[in-house]
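# Report on the structure
Here is how the chains run, residue by residue.
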2 protein chains.
Amino acid sequence: MALIEIGAAAKAAAASMNRLTVGKKNEGLTFVAEEIVRCAHEILEENQKDIQCAREAGMKESLVDRLTLTKERIGDIAEGIRQVVKLEDPIGETVSMKMMPNGLQIGQRRVPLGVIGIIYESRPNVTADAFALCFKTGNAVILRGGSDAIHSNMAIVRVIRAALREKGLPEDAIQLLSDTSRETVREFMRLNEYIDVLIPRGGAGLIKTVVENSTVPVIETGTGNCHVYVDESADLDMAVNIIVNAKTQRLGVCNACESLVIHDAAAENAVPAICRALCAHGVEIRADERAYRYAGEVKKEIAGEAGRGAIVPATEEDFGTEYLDKIISVKIADSIEEAIRHINYYNTGHSESIVTKDYESAMKFLNEIDAAAVYVNASTRFTDGFEFGFGAEIGISTQKLHARGPMGLLALTSTKYVIMGNGQIRE
Amino acid sequence: MALIEIGAAAKAAAASMNRLTVGKKNEGLTFVAEEIVRCAHEILEENQKDIQCAREAGMKESLVDRLTLTKERIGDIAEGIRQVVKLEDPIGETVSMKMMPNGLQIGQRRVPLGVIGIIYESRPNVTADAFALCFKTGNAVILRGGSDAIHSNMAIVRVIRAALREKGLPEDAIQLLSDTSRETVREFMRLNEYIDVLIPRGGAGLIKTVVENSTVPVIETGTGNCHVYVDESADLDMAVNIIVNAKTQRLGVCNACESLVIHDAAAENAVPAICRALCAHGVEIRADERAYRYAGEVKKEIAGEAGRGAIVPATEEDFGTEYLDKIISVKIADSIEEAIRHINYYNTGHSESIVTKDYESAMKFLNEIDAAAVYVNASTRFTDGFEFGFGAEIGISTQKLHARGPMGLLALTSTKYVIMGNGQIRE
């Protein structure tokens, strides 16, 4: 099917979804969850084809694992949809209906965005997740998944469409681009007449491609060069605890800590303690000149022991790198001002944390750091739709427009002004 | 100065503006208003150069008028800035700080967007207006005005920068691109590292160019193919009143009505009455086949009388045209459903109004029309930041992301999450 037809079908579905009650939407989602479980066998069969192709193409096993579905993982997908059923539907609420001096009543009503395009990489669970969030908020979705997962994605979408059809709901609420070629995705990114917003989900390369080539409005998600700053007055145990958690609790995620900034006045004690703890987790530390010196003792301790991390000199490039790995950079700063300047220069606008006992430092950091989430005395790993209490997440926005930080259902909505009069004209 | 330097200067100014109190910002704006009045002579002299160039180039007098400043118009510009001083500053408010089960406090704080780029056409008053709104919300602005107004714009910006400098405020809070070439504006639209959002203000061509070429997030403003739908049950006097107001009160604006849809059951009486009233205002009516027939009588009445408008057959193209002129298209619909389909197909997502006495029709129209502002029994001309009570307007958004409808100060802000903990880590 041509892209324009896909777009038109999505737009038509969106128009009718705008009129669905939340009861009807929840009924549809619940049935979709059941059908996904019932058709697990069919989905797993198709998933096997993707896995086989991936192995034949020599894909790394860690990536093959991300691609792989099991009966249990399909159960999780269905459970994820049931969780979305339980969330409150934001659509239809009219906030602050005001009475104007001329008698006009003006209110702002929450409405779906319309048609959402999602461009993602190889994880097939995103297919059902994204659909559930879009459907709950009355949006039609057009998915462009990675070519690696095409068989799995097509199977999941087939099951969802059949379930919607059976319930008398618009099946074009979800469509998948079966053609995953570069030309098609580029055309997709310029389908302004049919798509209201594009959300890329994936690595830095994917996001950059979408931002640079899309004429449809984009919500930029994700890359996170996140910092923890250890202030002069920091509680050292707390700092070590937070840093180890932020770096090692999960490596490949955007809210993991990639870089430390340590106040020089605290560095003599803090650097060895932090390095020792990180090295015990096998982390390689890329230290600026002063930090390297402060870490000298630890360097000796770990010398020659396998799996005990490493301490090496940092290059300028390290401070701008999102490792997504057991690596962290360390910079020493002479003041909180220098730390804030450094962080605001190198960060990607994701999550930044200060460890401090000082009120002024805490307030300064909260006020002056420019990022989606700014923390005092907590791990950056909390930047997440579930941890923030949204009950779901479509991604983490690192841009300032529309939505910033973890995006729940509200990020998938727009508003319209509704105005009720009795014949008012403008003088 | 190279674009990158301009971007970097704006970003640095934005970082320091984030820390200005509202008192300091208002003091700066008040002084800018005074200085604009004091330096009126200098601005008018430069404006004369633009006017002379425009006349030499054969610019239409209506456009020369838009370009022209007078002592009075400069007074209005200063008064506009003083109005912005009086508005409440949305920056710094933290909304809904929640206490999470683990003791983390999570709140959302309103912050400036950062650096705003504004691309506009020849009206030099936009220069000061846009600055005032951006400055009040702590944003640095980079302006790219039309080449026609370059002398006027440079003079206004010079006065504003000098005033800021004198008050110890960052003068790079406002910068103007002196190079108005196409190549420079294209580069400007791809300055993602320095610009957080671009707002084009002007005609359809300008907006299309920005949407198609910008990689910086854009807030699409304004073209308005606005409709009034006359329902079967409409009060005919009210309909005539609203239509005449929406079409003729001001012609060249985006919230003017460009197209009518009339229920067939009302058309026999409504079409002649509406056509008669519009023709009395010199409006040319482009009617579909049925409307043309219903208007036959009026066509005879006005035949041969100068300045009495005209009634001509519409082409398909008419229904998609924003005339910004004394022209209107008319379509007859057999049902409200057909009317809604027609409007949702041809509209530009701006402002749409129904005239009706019927509750069901009113609700249906409010629910199903997809536009920034949907009216019952009122003129589309009310879609405006001042009429909506925002006290200011930077433009009217016709996209669904970030801001939709008239944009006041709030549209120039973003949020960041501030999170206060006491050592929390993620399990």
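These numbers come from a predicted model, not from an experiment.

Rules used in this analysis
Residues numbered from 1 in each chain as written. Chains lettered and ligands numbered in written order. Predicted model: local features only at pLDDT ≥ 70, side-chain atom pairs only at ≥ 80, totals over all residues. Heavy atoms only, no water. Helix = DSSP H or I, 4+ residues; strand = E, 2+ residues; numbered from the N terminus. Rg over C-alpha atoms; globule rule 2.2 N^0.38 Å. Buried < 20%, exposed > 50% of the residue type's maximum accessible area, 1.4 Å probe, protein only. Contact = heavy atoms within 4.5 Å. Lys, Arg positive; Asp, Glu negative; His and termini not counted. Charge placed at Lys NZ, Arg CZ, Asp CG, Glu CD. Pairing = 2+ DSSP bridges. Axes fitted to C-alpha atoms, helices over the stretch in contact; angles between N-to-C directions. Right-handed = clockwise from strand over helix to strand, strands pointing away. Buried area = accessible area lost by both parts, 1.4 Å probe. Salt bridge = Lys/Arg side-chain N within 4 Å of Asp/Glu carboxyl O. Polar contact = N/O pair within 3.5 Å; in protein donor to acceptor, adjacent residues only side chain to side chain. Nonpolar A, V, L, I, M, F, W, Y, C, P; charged D, E, K, R; others polar. Least-squares fit on C-alpha atoms with pLDDT ≥ 70 in both. pLDDT = per-residue confidence, 0-100. Expected span 1.5 Å × (residues − 1). Parallel < 35°, antiparallel > 145°, perpendicular 65-115°, else oblique. Left-handed = near helix turned anticlockwise from the far one by under 90°.

## A closer look at the overall build of chain A
What chain A contains, in helices and strands, is 15 helices and 16 strands. Relative to the compact-globule value of 22 Å for 427 residues, chain A shows a C-alpha radius of gyration of 24 Å, a close match. Looking at chain A as a whole, 57% of its 427 residues are labelled buried. The long-range fraction of contacts in chain A, counting pairs at least 24 apart against all pairs at least 6 apart in sequence, stands at 72%. Side chains of chain A give 47 positive and 60 negative charges; the mean places of these two sets differ by 4 Å.

## A look at the sheet that holds strand β3 (residues 115-120) of chain A
Residues and elements named next belong to chain A. Spatial strand order, β5-β4-β3-β6: 4 strands in an open sheet with parallel pairing. Each edge of the open sheet carries a strand with a single partner, namely β5 (174-176) and β6 (197-201). On average, each strand axis in the sheet is inclined to that of its neighbour by 20°, with strand direction left out of account. When β3 meets strand β4 (residues 140-144), the two strands line up parallel, connected through 5 bridges. Along β4, the bridge assignment pairs I118 with L143.

## Some remarks on the pairing of strand β3 (residues 115-120) of chain B
Residue and element names in this part refer to chain B. Judged by how many residues are buried, β3 sits mostly within the fold: 6 of 6 residues are covered. Here β3 shows a buried face lined by V115, G117 and I119 and a second buried face lined by I116, I118 and Y120. The parallel pair β3 and strand β4 (residues 140-144) is bridged by helix α6 (residues 125-136), and the resulting crossover is right-handed. Summarising the sheet, β3 and strand β6 (residues 197-201) pair through 5 bridges and their orientation is parallel. The residue bridging G117 from the neighbouring strand is L198, located in β6.

## Some points on the interface of chain A and chain B
With 71 residues of chain A at the contact, the number on the chain B side is 71 residues. For the chain A and chain B pair, buried surface summed over both sides reaches about 5600 Å², with 53% attributable to carbon and sulfur atoms. Looking at the side of chain A facing chain B, the largest losses of area belong to A:L401, A:Y417 and A:R426, adding up to 15% of the total buried there. The interface formed by chain A and chain B includes 8 salt bridges. Between B:R426 and A:D384 there is a salt bridge whose closest N-O contact spans 3.7 Å. On inspection of chain A and its partner chain B, the count reaches 43 residue pairs in polar contact (both at pLDDT 80 or more). Those elements giving two or more residues to the side of chain A that touches chain B turn out to be β2 (105-112), α9 (204-213), α10 (236-248), α15 (359-368), β13 (373-378), β15 (405-407) and β16 (413-424) of chain A. Residue contributions to the side of chain A that touches chain B peak at 11 residues, all from β16(A). When grouped by side-chain class, the residues that make up the side of chain A that touches chain B number 33 nonpolar, 23 polar and 15 charged. Pairing geometry for β13(A) and strand β16 (residues 413-424) of chain B, over 5 bridges, is parallel.

## Concerning the sheet that holds β3(B)
Residue and element names in this part refer to chain B. Spatial ordering of the open sheet is given by β5-β4-β3-β6, a layout of 4 strands whose pairing is parallel. Pairing within the sheet leaves two strands with one partner each, and these edge strands are β5 (174-176) and β6. Averaged over all adjacent pairs, the angle separating strand axes in this sheet is 20°, with direction ignored. In the packing of helix α1 (residues 3-17) onto the sheet, the strands contacted are β3, β4 and β5, and the crossing angle to β4 comes to about 150°. The strands touched by helix α7 (residues 150-166) within the sheet are β3, β4 and β5, with β5 carrying the most contacts at an inclination of about 155°.

## Looking at the environment of A:T68
Residues and elements named next belong to chain A. Mapped onto the fold, T68 is located in the loop between α4 (61-67) and α5 (71-86). What makes T68 buried here is its relative accessible area of 19%. On a C-alpha basis, the gap between T68 and S122 in space is 9.7 Å, while along the polypeptide they are 54 residues apart. Excluding residues within four positions of it along the chain, T68 makes contact with N47, I51 and R73.

## Points about the relation of the copies chain A and chain B
Expressed as a screw transformation, the operator carrying chain A onto chain B has a rotation angle of 180° and an axial translation of 0.0 Å, and the superposed copies differ by an RMSD of 0.1 Å. Here the transformation between the copies is reduced to the relation of a two-fold axis. Closest to the rotation axis within chain A is the C-alpha of A:H402, separated from it by 1.8 Å. Take the interface residues of chain A: 100% of them recur as interface residues in chain B, which is what a same-surface contact looks like.

## Brief notes about the side chain of B:N225
Residue and element names in this part refer to chain B. Relative to the helices and strands, N225 is located in the loop between α9 (204-213) and β7 (226-230). With relative accessibility at 1%, the residue N225 sits in the buried group. Engagement of the side chain of N225 in a polar contact is seen with the backbone oxygen of F319, the distance being 2.9 Å. From its side chain, N225 meets the backbone oxygen of Y346 in a polar contact 3.2 Å long.

## Observations regarding the pattern of salt bridges
For the structure shown, the criterion picks out 56 salt bridges over all chains. With a shortest N-O distance of 3.6 Å, B:E79 and B:R82 are connected by a salt bridge. Taken together, the positions of B:E79 and B:R82, both in helix α5 (residues 71-86) and 3 residues apart, correspond to about one turn of that helix. Given the relative accessible area of 33%, B:E79 is considered partly exposed. Take B:R82: its relative accessible area is 30%, and that puts it in the partly exposed class. Close ionic contact of B:R290 with B:D264 constitutes a salt bridge, the shortest N to O distance being 3.5 Å. In this pair, B:R290 is assigned in helix α12 (residues 289-294) and B:D264 in helix α11 (residues 264-280), connecting sequence segments 26 residues apart. The exposure class assigned to B:R290 is partly exposed, which follows from its relative accessible area of 23%. Here the salt bridges do not stand alone but share partners, grouping A:R19, B:E337, B:K364 and B:E368 into one network.

## Comments concerning the confidence of the model for chain A
Summarising the model, chain A shows a mean pLDDT of 95, and 100% of its residues fall at 70 or more. If you check the scores for this complex, the pTM reads 0.92 and the ipTM reads 0.93.

## A few points about the environment of B:F390
In this structure, B:F390 sits in the loop between β13 (373-378) and β14 (395-397). Sequence separation of B:F390 and B:L87 is 303 residues, and the distance between their C-alpha atoms is 8.5 Å.

## Side note on α6(B)
Residue and element names in this part refer to chain B. The terminal C-alpha atoms of α6 lie 17 Å apart, and with 12 residues this matches the ideal 16 Å at 1.5 Å per residue to within 8%. With 10 of its 12 residues buried, α6 lies for the most part within the structure. Among all positions of α6, only V126, T127, A128, A130, F131, A132, L133, C134, F135 and K136 are buried. Two residues or fewer past α6, G138 is found with a positive phi of approximately 75°.

## Some details on the packing of helix α2 (residues 22-38) of chain A against helix α6 (residues 125-136) of chain A
A pair of packed helices can be characterised by two numbers: the angle between their axes and the separation between those axes. Residues and elements named next belong to chain A. For the pair α2 and α6, the least separation of the axes is 10 Å and the interaxial angle reads 165°. Classed by the angle they form, the pair α2 and α6 counts as roughly antiparallel. Here α2 and α6 pass one another in a crossing that is right-handed. Across from V22, K25, N26, L29, V32 and I36 in α2, the residues of α6 making contact are A128, F131, A132, F135 and K136.

## What about unusual backbone geometry?
Not every positive phi belongs to a glycine, and A:H402 is a case in point at roughly 70°. Residue placement: A:H402 occurs in the loop between β14 (395-397) and β15. At B:S96, a residue that is not glycine, the phi angle is positive and equals roughly 45°. Relative to the helices and strands, B:S96 is located in strand β1 (residues 94-99).

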